[in-house]
Amino acid sequence: MDENQALPGPQATLLSSKSWTAYVGTAVWGALLFFGLLPLSFLWNQLAAFGVLLCSALFVGYRVLKIRSHRLYYDDVGVWLYSGILPWSKGVSGVKWRDMDEATFVTGFWSWASKSYTIRISHRFTKASEIVLPSMARGNLAVATINARLQEKIRGADASGPPETRL
């Protein structure tokens, strides 16, 4: 994790955000709460039903906003993930270009059919600083863009170095 800034800068290029598949778990929990627990709570007490309704709405609303807050982008410094909605949970984590190994995505039938991929952006030196993001929309295109940009950075560094260090 590097440079914990508040928001992406104006020079940042958005690569990906969460896919519709990221909302499936929240939709299932919401259905269980609203159509399972809420009718049961009405049998017990109307005040309890109001409490269940309020807590369920807050839970589902928070989860949806949290999922929507995930943004993968890149700039001149590296690849970054912005996430969080509450002031103490907002932040940016990422991998700088100089420290990046590669970006990959998980393939499979469901990934292909839903266009929702798990992305892994690895750090050259440590596994602790890599970014792993499940259910990212257009993840395959984001990975291709990241790897192409990384190759541009590497080629640019090779061409600008002293003659004895060039390949």
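In what follows, the structure referred to is the one given above.
Residues numbered from 1 in each chain as written. Predicted model: local features only at pLDDT ≥ 70, side-chain atom pairs only at ≥ 80, totals over all residues. Heavy atoms only, no water.

> I'd love a proper account of the sheet that holds strand 6 (residues 116–123), names of residues and values included.
Two modes of strand pairing occur in sheets, parallel and antiparallel, and in both the strands are linked by backbone hydrogen bonds. The antiparallel open sheet is built from three strands, whose spatial order is 5-6-7. Taken across any chain shown, the strands that pair with only one partner, and hence form the sheet edges, are strand 5 (100–105) and strand 7 (131–137). Neighbouring strand axes in the sheet, compared pairwise and without regard to direction, differ in orientation by 20° on average. Strand direction decides the pairing type here: strand 6 and strand 7, joined by five bridges, are antiparallel. (Pairing = 2+ DSSP bridges. Helix = DSSP H or I, 4+ residues; strand = E, 2+ residues; numbered from the N terminus. Axes fitted to C-alpha atoms, helices over the stretch in contact; angles between N-to-C directions.)

> How would you explain the sheet that holds strand 2 (residues 71–74) if you had to name every residue and give the values?
What the four strands build is an open sheet, ordered 1-2-3-4; its pairing is antiparallel. The two strands at the open ends of the sheet, each matched to only one other strand, are strand 1 (13–17) and strand 4 (91–96). For this sheet the average axis-to-axis angle between neighbouring strands, irrespective of direction, equals 25°. Two strands pair when backbone bridges link them, and strand 2 and strand 3 (residues 78–83) are joined in this way by four bridges, in the antiparallel orientation. Bridge pairing in strand 3 links Tyr74 to Val79.

> Describe helix 2 (residues 46–68), and please don't skip the residues or the numbers.
With 23 residues, helix 2 extends 33 Å between its outermost C-alpha atoms, agreeing within 8% with the 33 Å of an ideal straight helix rising 1.5 Å per residue. Along helix 2, the residues that are buried comprise Ala48, Ala49, Val52, Ser56, Val60 and Ile67. Along its buried surface, helix 2 packs onto helix 1 (24–44). (Expected span 1.5 Å × (residues − 1). Buried < 20%, exposed > 50% of the residue type's maximum accessible area, 1.4 Å probe, protein only. Contact = heavy atoms within 4.5 Å.)

> Give me the lowdown on the pairing of strand 3, citing residues and values where you can.
In terms of residue burial, strand 3 counts as a mostly covered element, since six of its six residues are buried. Here strand 2 folds back onto strand 3 in antiparallel fashion, the turn holding three residues. Here strand 3 runs beside strand 4; their pairing, made up of six bridges, is antiparallel. Within strand 4, the residue paired with Trp80 across the bridge is Gly94.

> Lay out the nonpolar core with the relevant residues and their values.
Leu72, Val79, Met100, Ile121 and Ile146 are the most contacted members of the largest nonpolar core, which has 18 residues in total. Put simply, the parts of the chain that give this core at least two residues each are strand 2, strand 3, strand 5, strand 6, strand 7 and helix 4 (139–160). In terms of residue count, helix 4 provides more of this core than any other element does, four residues in total. Excluding residues within four positions of it along the chain, Met100 makes contact with Val79, Val95, Ile121, Ser122, Arg124, Ile146 and Leu150. (Core = buried A, V, L, I, M, F, W, Y, C linked by side-chain atoms within 4.5 Å.)

> If you had to explain unusual backbone geometry to someone new, which residues and values would you point to?
Phi is positive for Lys115, close to 55°, though the residue is something other than glycine. Among the secondary structure elements, Lys115 is positioned in the loop between helix 3 (109–114) and strand 6. Positioned with a positive phi, Ser135 is a non-glycine residue whose angle comes to about 55°. For Ser135, the position within the fold is in strand 7.

None of this, on its own, says anything about what the molecule does.
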